[in-house]
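Summary of structural features
Each chain is listed here by its residues.
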Amino acid sequence: MPSEKIKRSDVVQTAAPANPVVAGFFPDPSVCRVGDDYYLACSSFEYFPGLPIFHSRDLVHWRQIGNVLDRPSQLVLPQSTNSSGGIYAPTLRHHDGRFHLVVTNVNGGGNLLVTATDPAGPWSEPTMLPGVPGIDPDLAWDEDGVCWCTVAGVGQVRLDLETGKVEGAARRIWSGTPGAKAPEAPHLYHIGGWWYLMIAEGGTERGHGVSIARGPAPDGPFEPCPANPILSHRSTDHPIQNTGHADLVQGPDGSWWMVLLGVRPGGGTPGWHVLGRETFLAPVSWVDDWPVVGELSTELPALPWPLHPTPAEPVRDDFDGAELHPRWVSLRHRPAELCTTSERPGWLTLRASGGSLDDLNVTFVGRRQQHFDCRVRALIDPSEGSGGLAVRLDEQHHYEIETADGAVRVIARIGPLRSVVAQREVPAGPVILGVEPQRRETLHDSRTGPDTVSLGVVEPDGSFTPLATLDGRYLSTEVAGGFTGRVIGVYAAAGTVHFDWFDYEPVER
Ligand code: 6LW
């Protein structure tokens, strides 16, 4: 078939199973197993819809089946919600025939519970849990059906799931390893004859780790594992760093596994990670009734059960359907009047609300950057306004290429500084804009950044002309701070802009 006849939406991305099992900014994984099926949910912070949820049959191939909080009635992220605020770490469990998810909205009412019979949705309206203090709530049920809710710190309450009320005051059940900061992300499990309390500690940066304690009852008393932390990559040169915030699950053959967050820093010193905190998988064995975490590497061990590859993702989103794929996220909300595929069929129409990506209320819709090297393109019709294609970390850290009135310009916002770094004229009419992050393979010296980000236009002959190639470190978590990662997407800066399609294609090097 001649290549011009191949529809871009038929071109697919294939991925061999490898760690991370869910690449890009998908942190704080919580996992549960129901028969042969596995489900996993991650944090989403200031983005709407919230709480991406994935399905797998083999623990290594995961496909996003929806978002748990996908209706404005379930998820209120006030305009004042700061980047890396909003929706923090969830716990996903299946109990009595229903999926239960507890999570914290740090900017919108604290802890909440939602339930569903189908994890792809719809999920219930939230039950607010005003008596549950702090962040990182966990759920576990004992033999009498009592629900124990454990939170960062590490405190615990008994919870009535019908009313959302707690019984008694929160009780401190463990403080983690003496001297280690931030005991958080607790998960409580009844395995064999013990109740295990697993936590993250050391902070979610390079010192991050996983520790565990066990006791005879869900409320303790707990004795710490002599081998704590049972997982940490602190002080190592391991390519996966910041490892922690874990959850346990059994494989199809009864073996034990851990999902956890980690990052892949690049560049020289101190190392910068640009894809956010990602979800990894590690094997677990048991010695003397304590879990021992096996090799965590970018290669996965051979699995003794059949693999179920997920359908490959098309490179192109052509905006032909009424709904956007669940991978698309907006900032804080997505009002239909500002973001719609029904105004011009086959196109995504965005109407400006804020003036630029510096604004909390900018109209932006994007997807996570999931590969170090990728090629992103979008066809924009700017005849009724201005807008473009952006790589976003937060309001203070973003690069974009924007078009209006027969011109394109590249804008860089780094901390308090904003600059137009390149501009050029283009023929009037629709323009194909492009962004290409590229990992640096060679370190010139100890200060070399992790990657470069080229922003430019596609010429009528199909070639890509970069207008600027910028250091990617400024769009890294080590520079910007916070808990998220890069999101690449389209936005409106003024008036109304229309996008015919958006391509995201990993580049093999
Ligand atoms: C989350 C905490 C953490 O609540 O980071 O790495 C926080 N662990 O448990 C935000 O993701």
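Note that the structure is predicted; figures quoted are calculated from it, not measured.

Another aspect to go through is empty space enclosed by the protein. Taken as a whole and judged by the stated rule, the model has two cavities of 30 Å³ or more. Approximately 80 Å³ is the volume found for the largest cavity. Surrounding the largest cavity, 14 residues form its lining, H333, R334, P335, T363 and F364 being those nearest its centre. At the level of elements, β26 (329-331) and β29 (363-368) are the ones that each hand at least two residues to the lining of the largest cavity. Here the lining of the largest cavity takes three residues from β29, the largest share from any one element.

Attention now goes to the layout of surface pockets. Roughly 570 Å³ of internal volume is contained in the second largest pocket. Around the second largest pocket sit 27 residues that line it, and F48, D70, E323, L324 and R334 are the ones nearest its centre. Put simply, the parts of the chain that give the lining of the second largest pocket at least two residues each are β6 (63-69) and β27 (339-340). If one sorts the elements of the lining of the second largest pocket by residue count, β6 sits on top with three residues. Split into classes, the residues belonging to the lining of the second largest pocket amount to 16 nonpolar, seven polar and four charged. Taken domain by domain, the lining of the second largest pocket gets at least three of its residues from each of domain 1 (30-293) and domain 2 (316-506).

By the definition in use, this model includes 13 aromatic pairs. Here R316 stacks its cationic end above the ring of W501, 3.8 Å away from the centre of that ring.

The next point concerns the environment of E143. Residue placement: E143 occurs in the loop between β11 (138-141) and β12 (147-151). Judged by its relative accessible area of 61%, E143 falls in the exposed class. Counting along the chain gives 283 residues from E143 to V426, while the straight-line C-alpha distance between them is 69 Å. Excluding anything up to four places from it in sequence, E143 contacts H190 and W195. In this structure the side chain of E143 is engaged in a polar contact, spanning 2.8 Å, whose partner is the side chain of H190.

In the structure shown here, the tally under the stated rule is 32 salt bridges. Salt-bridge contacts for D317 lead to R327; the nearest nitrogen and oxygen are separated by 2.8 Å. Highlighted residues: D317 in strand β25 (residues 316-317) and R327 in the loop between β25 and β26, separated in sequence by ten residues. Taking the shortest distance from any N to any O, the salt bridge between D358 and R413 comes out at 3.3 Å. Taken as a pair, D358 in the loop between β28 (348-351) and β29 and R413 in strand β33 (residues 407-414) lie far apart in primary sequence, 55 residues in all. Given the relative accessible area of 13%, R413 is considered buried.

For an interface, size is often stated in terms of accessible area lost upon the parts coming together. Entries for the protein in the domain assignment read domain 1 (30-293) and domain 2 (316-506). Once you take the C-alpha centre of each, domain 1 and domain 2 turn out to be 32 Å apart. At the junction of the two partners, domain 1 supplies 34 residues and domain 2 supplies 41 residues. Together domain 1 and domain 2 conceal approximately 3,000 Å² of surface at their shared face, both sides included; 57% is due to carbon and sulfur atoms. The three residues of domain 1 that bury the most area against domain 2 are Y47, W272 and V274, which together make up 25% of that side's buried surface. One can count two salt bridges joining domain 1 with domain 2. We note a salt bridge from R206 to E478, for which the minimum N-O separation is 3.2 Å. For the pair domain 1 and domain 2, the interface holds 18 residue pairs in polar contact (both at pLDDT 80 or more). At the level of elements, β4 (47-48) and β6 are the ones that each hand at least two residues to the side of domain 1 that touches domain 2. Residue contributions to the side of domain 1 that touches domain 2 peak at three residues, all from β6.

Here we take up the side chain of H397. Tracing the backbone shows H397 in strand β32 (residues 397-404). Residue H397 is classed as buried on the basis of its relative accessible area, which comes to 8%. At 2.9 Å, the side chain of H397 and the side chain of D394 are in polar contact. Ignoring sequence-local partners within four residues, the contact set of H397 consists of V391, R392, R413, I414, G415, Y474, L475, V479 and A480.

Taking strand neighbours across the sheet as the criterion, the four strands line up as β7-β8-β9-β10 in an open arrangement whose pairing is antiparallel. The open sheet has two edge strands with one neighbour each: β7 (91-95) and β10 (127-128). Bridge count for β7 against strand β8 (residues 98-105) is five bridges, and the pairing is antiparallel. Along β8, the bridge assignment pairs H94 with F99.

The rules behind each value
Residues numbered from 1 in each chain as written. Predicted model: local features only at pLDDT ≥ 70, side-chain atom pairs only at ≥ 80, totals over all residues. Heavy atoms only, no water. 1 Å grid on protein atoms, 1.4 Å probe; cavity = no way out; pocket = protein on both sides within 12 Å on 5 of 7 lines; lining within 4 Å. Points joined across faces, edges and corners; volume = space filled by probe spheres on them. Helix = DSSP H or I, 4+ residues; strand = E, 2+ residues; numbered from the N terminus. Nonpolar A, V, L, I, M, F, W, Y, C, P; charged D, E, K, R; others polar. Domains from an automatic or database assignment. Phe/Tyr/Trp six-rings, centres within 6.5 Å; stacked < 30°, edge-to-face > 60°. Lys NZ or Arg CZ within 6 Å of the ring centre and 35° of its normal. Buried < 20%, exposed > 50% of the residue type's maximum accessible area, 1.4 Å probe, protein only. Contact = heavy atoms within 4.5 Å. Polar contact = N/O pair within 3.5 Å; in protein donor to acceptor, adjacent residues only side chain to side chain. Salt bridge = Lys/Arg side-chain N within 4 Å of Asp/Glu carboxyl O. Buried area = accessible area lost by both parts, 1.4 Å probe. Pairing = 2+ DSSP bridges.

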